[in-house]
Amino acid sequence: MSSLLLYILCFSIVLLAPFLFWNTSAKRKLPLPPGPPRLPIIGNIHQAPKSHAWLKYYVWGKIYGPVVYLNMLGQPIVVLNTSSAAHDLLAKRGGTFSDRPRFIVAAEMALKGMHMLLRPYDERFKLHQKLENLVLCTRSANTYLPFQEFETKQLLYDLLLGGGGSRQVCHGFFERTTASVIYALFYGFRVKTSSDPVLVAAHSVNHEFDQLAQVGKYLVDSIPLLNTLPPFMAPWKAEAERHWGRQRSLHVGNLQRGYESDGWNFAKAMRNYIDQESIEMPIEELALDVGIMADAALDATTETLMWFVVGCITADQIWVSKAQHHLDTVVGQHRLPTFADRPKLPYIDAIVEEVLRWRPAGPAGVPHYTKVESTYNGYLIPAHSVVIANHWSITRDQSVFGSNVEEFEPERWLCSAGEESETTLRALPTIGFGYGRRACPGQHVARNILWITIARILWAFDIEPGLDEDGKPTIIDSMACTDGLVSKPLPFSASFKPRGDWARNVIQNECSTHDSDFVGILAKIGGDLGSN
Ligand code: HEM
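Just so we're clear, the structure is a prediction, and the values are computed from it rather than from any experiment. Think of each chain on its own: its residues are numbered from 1, step by step along the sequence as written. Thresholds applied to this predicted model are a pLDDT of at least 70 for local features of residues and 80 or more for the giving and counting of side-chain atom pairs; totals over whole chains, interfaces and linings are not thresholded and use all residues.

This part is about the site of the ligand. By convention here, the C-beta atom is placed from the backbone, and a residue is near a molecule or strand when that atom is within 6 Å of it. Taken together, 25 residues form the shell around the ligand, and within it Ala297, Ala300, Gly434, Cys440 and Gly442 come nearest. Where the shell around the ligand is concerned, the elements lending two or more residues are helix 5 (123-136), helix 12 (283-314) and helix 17 (443-460). Helix and strand definitions follow DSSP, with helices as H or I runs of at least four residues and strands as E runs of at least two, each counted in order from the N terminus. Examining the composition of the shell around the ligand, we find that six residues originate from one element, helix 12, more than from any other.

This part takes up unusual backbone geometry. One non-glycine residue, His52, lies in positive phi territory at about 45°. If you trace the backbone, His52 turns up in the loop between helix 1 (2-26) and helix 2 (53-64). Residues are called buried when their C-beta atom has 20 or more other C-beta atoms within 10 Å, exposed when it has 12 or fewer, and partly exposed otherwise; all C-beta atoms are positioned from the backbone. A count of 18 C-beta atoms within 10 Å places His52 in the partly exposed class. Despite not being glycine, Asn377 has its phi angle at roughly 50°, a positive value.

Within strand 1 (residues 67-72), five of the six residues are buried, leaving the element largely enclosed by the surrounding structure. In this structure, strand 1 lies alongside strand 2 (residues 75-80), joined through six bridges in antiparallel fashion. Residue pairing across strands places Leu70 opposite Ile77, the latter belonging to strand 2. The criterion for strand pairing is that DSSP finds at least two bridges linking the strands in question.

The next thing to look at is the packing of helix 9 (residues 197-212) against helix 10 (residues 236-260). Packed helices, taken two at a time, are described by the angle their axes make and the gap between the axes. Note on geometry: axes are C-alpha line fits, over the in-contact stretch for helices, and angles between N-to-C directions span 0 to 180 degrees. Put simply, helix 9 and helix 10 touch, their axes get as near as 11 Å, and they point 150° apart. Taken together, the axis directions place helix 9 and helix 10 in an arrangement best described as roughly antiparallel. Classified by chirality, the crossing of helix 10 by helix 9 is left-handed. Taken together, the residues of helix 10 that come into contact with helix 9 (itself represented by Val198, Ala201, Ala202, Val205, Glu208, Phe209 and Leu212) are Glu239, His243, Arg246, Gln247, Leu250 and Asn254. Just so you know the grouping, Ala, Val, Leu, Ile, Met, Phe, Trp, Tyr, Cys and Pro go in nonpolar, Asp, Glu, Lys and Arg go in charged, and all remaining residues, Gly too, go in polar. Taken together, the residues of the contact of helix 9 with helix 10 break down into seven nonpolar, three polar and three charged. Our angle categories are set so that under 35 degrees counts as roughly parallel, over 145 as roughly antiparallel, 65 to 115 as roughly perpendicular, and the remainder as oblique. Left-handed describes a crossing whose near helix is turned anticlockwise from the far helix through less than a right angle; right-handed describes the clockwise counterpart. Contact definition: two residues whose C-beta atoms, as placed from backbone geometry, lie within 7 Å.

Moving on, we come to the UniProt feature "binding site: heme" (unreviewed entry) in the protein. Sequence positions flagged by UniProt for "binding site: heme" (unreviewed entry) are, in local numbering, Cys440. The buried category is assigned to Cys440, around which 20 C-beta atoms lie within 10 Å. Setting aside anything within four residues of it in sequence, one finds Cys440 in contact with Phe433 and Gly434. UniProt positions are given in the numbering used here, feature names are shortened, and annotations may be inferred rather than shown by experiment.

Turning our eyes to something else, we now look at the sheet that holds strand 1. The strand order across the open sheet formed by four strands is 1-2-6-3, and the pairing between neighbours is mixed. The outermost strands of the open sheet, each flanked by one partner alone, are strand 1 and strand 3 (368-370). The average angle at which neighbouring strand axes cross in this sheet is 25°, direction not considered. Along the sheet, helix 2 contacts strand 1 and strand 2; its crossing angle with strand 1, the most-contacted strand, is approximately 125°.

Take the buried Ala, Val, Leu, Ile, Met, Phe, Trp, Tyr and Cys residues, join any whose C-beta atoms are within 7 Å, and the set you get is a nonpolar core. Ranked by internal contacts, the top residues of the largest apolar core, which has 131 residues, are Leu80, Val105, Val290, Val309 and Ile454. Top contributing element to this core by residue count: helix 12, with 19 residues. Apart from the residues lying within four places of it in its own chain, the contact partners of Val309 are Cys170, Ile463 and Ala494.

Here we come to helix 13 (residues 318-330). An α-helix turns once per 3.6 residues; consequently, residues spaced three or four apart project the same way. Expected helix span is taken as 1.5 Å per residue step, with the number of steps being one fewer than the number of residues. The terminal C-alpha atoms of helix 13, which comprises 13 residues, lie 19 Å apart, in line with the 18 Å expected from a rise of 1.5 Å per residue. What helix 13 keeps buried is the set Trp319, Ala323, His326 and Leu327. One face of helix 13 carries all of its buried residues, which in axial projection span an arc of 95°. More than 90 degrees from the buried face of helix 13, the exposed residues found are Ile318, Ser321, His325, Asp328 and Thr329. Here the buried face of helix 13 lies against helix 14 (346-358) and helix 17. Gly332 sits one or two residues past helix 13 and shows a positive phi near 80°. What the arc covers is the set of directions going from the helix axis to the C-beta atoms.

Let's shift gears to helix 5. The end-to-end C-alpha distance of helix 5 is 20 Å, a good match for the 20 Å that 14 residues give at a rise of 1.5 Å each. Taken residue by residue, helix 5 has His128, Leu131, Val135 and Leu136 as its buried positions. What you see down the axis of helix 5 is that its buried residues fit within an arc of 125°, all on one side. Turned more than 90 degrees away from the buried face of helix 5, the exposed residues are Glu123, Lys130 and Asn133.

The predicted model of the protein averages 92 in pLDDT, with 93% of residues at 70 or higher. In the predicted structure, residues 1-24 sits below a pLDDT of 50 and forms 11 contacts with residues beyond four places in sequence or in another chain. Interface scoring of the predicted complex returns ipTM 0.99; its pTM is 0.93. Confidence of the predictor in every single residue is expressed as pLDDT, which spans 0 to 100.

In C-alpha cells form, the structure reads like this:
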C-alpha cells in the first residue's frame, strides 16, 4: 500500500510540475481572469460547490464579471457568464475551444472513446458530426413533424385518461412521448409505456455510467499514469470493462433492431451513408453514436417539458391564458393545433424560448476544453483549461433579457413594428443548446417537439398543481431540482383538466394511436428525404 502511495505522489509531482511552472511564467504575461481568491496549491478547491455548481458560478459571475477564473488543485477552469463571452470564445474561436475534458475511466476506458458528447475534437469526431448532421439538420428535422404530431396525440390521450394526478404518472407520459419520437426515428420502434424494457435498460446503463463519470471518483482521472498499474492494483479497469459490456449490448442490440425494423430510420440512413462512402466503422462505433445521441435527446427534451409544466403551475398564469386565447383564435375548438398553425402562433415559439431560458435543462452546459493558451479581453486563458458556458448565468443576463429575468415572461421574445404589423420573434441570442462546433446538433428536432407538445397541451388542458392528502393544492418550489448535467424538477404533482367537452371529444375521437400505422409515417419520411 505504501508503495502505491509513493507511486501516486511521484506521479502527482510529475503531473503538477507543468502547472507550477506555468503559474510562475504566467505572472510575466497577462493576468488571469478575475475569480475568488485562491490558496496555494489547492487553489479554489475548498470553495468548490458540492452540488448545483451553476448557482455558485452565477453568484461568482455577479461579483467577478463575464469571465471567471478558478483553479481546482491545479486544473484551470474558466466560467463564461454571458452570451457574448460564450460566443466570442466557444463559437468564434471554435478551432481552439471545441475539445472536451478527459474522463479516463468513463469515456476512454468504459466507452472506448466512443461517447459522442465526450469525444475529443478530432477528425473522427468531425466524421460523426457529419453523420449526425445527416439526420438532424433543419431539412431532415422538418420531415419528422408528422411523427411528432402523431406521438403528441397519444400524450393528450394518456393525460386525459391518466389525469397526471401525481408526478410519477405525469412524468411518465411526457417521457414516453419523447422516447417514442426518438426511438421510432432512431430505430423504427415505438415506446408504448415509460416502463418499456428498452427505456428501463437505458436508464439503468446511464445511471451506472454517471457513477463512473463522477468527478473525483477515480484518482486515475487526475493521474493518467496510474493506468500503468497491473489490473489487480487497478480495480477500475475491470469495472470499466464490465460497463462496456452493458453499453455494447444495449446499443448494438438497438441498432440491429433498427436495421430489422420496417420503414426508414436513423440507424439505416447512417449505415447507408457509411456503406456508400466506404467508411470503415465497427458496428459498436455506429451503435454508440446512435445510442448516445438518443440518450442525449431523451432526458434534455423530457425535462424541458417538465419545466414547462412547472412554469404553468408556479409562475404567473397570465401567459397561459394569453397562449390559450391565441390558440382558440387561430385553431378553434374542433381540431388539434398542427405545425401548419405555427406561422400564426409566435406566442408558442416565445413560450418555447422562455422555458429554455427560465429553466435551462443543462444549466451548466457541457464543459469544453482548450489545449492551447489564448487571451481574451486582456486576460490570459491558460492551456488545458476546462471552459464552462454557464447557461444559468447567461439566461439571467439582465442586459440581454431585461430586469425581470426570474419571471416567466414569453413577451420578452416578441416584437411588432407597430399596431397593425404582425408580432414576430425578437432577435435575442439563442440559448440552452450550447455554443460553437459542439452546440447541440439536435436543437431543430428538440424545438419542434417542444413546440407541438406545448401548443397541444395548452390547447387541451388547464394545468393545476396536484392536491395533497387534505385536498389542498400542493406548494411547488420551482427552483427545486436535481444536480447533474441535466437538471430535473424534483417530483411534483400536477393535474390536467380538459378545457371543455370540446377538447375531451377531440382527444377521445382522434388521439388514441396505439393501433395506428406508424411505419407508413416513417416510410413517408424516408421518401421525402430520398432515402427509402
Ligand atoms: C430541449 C432539448 C435539448 C437541450 C436543452 C439540449 C442541450 C444540449 C447542450 C447544452 C449540449 C452541449 C453543447 C456544448 O457543448 O456546447 C448538447 C449536446 C448534444 N446534444 Fe442536445 N439538447 C437537447 C436535445 C437534443 C436532441 C433532441 C438531440 C438529438 C436528437 C440531441 C443531441 C445532442 C448531441 C449528440 C450532443 C453532443 C454534441 C457534441 O458534443 O458535439 N440533443 N445538447
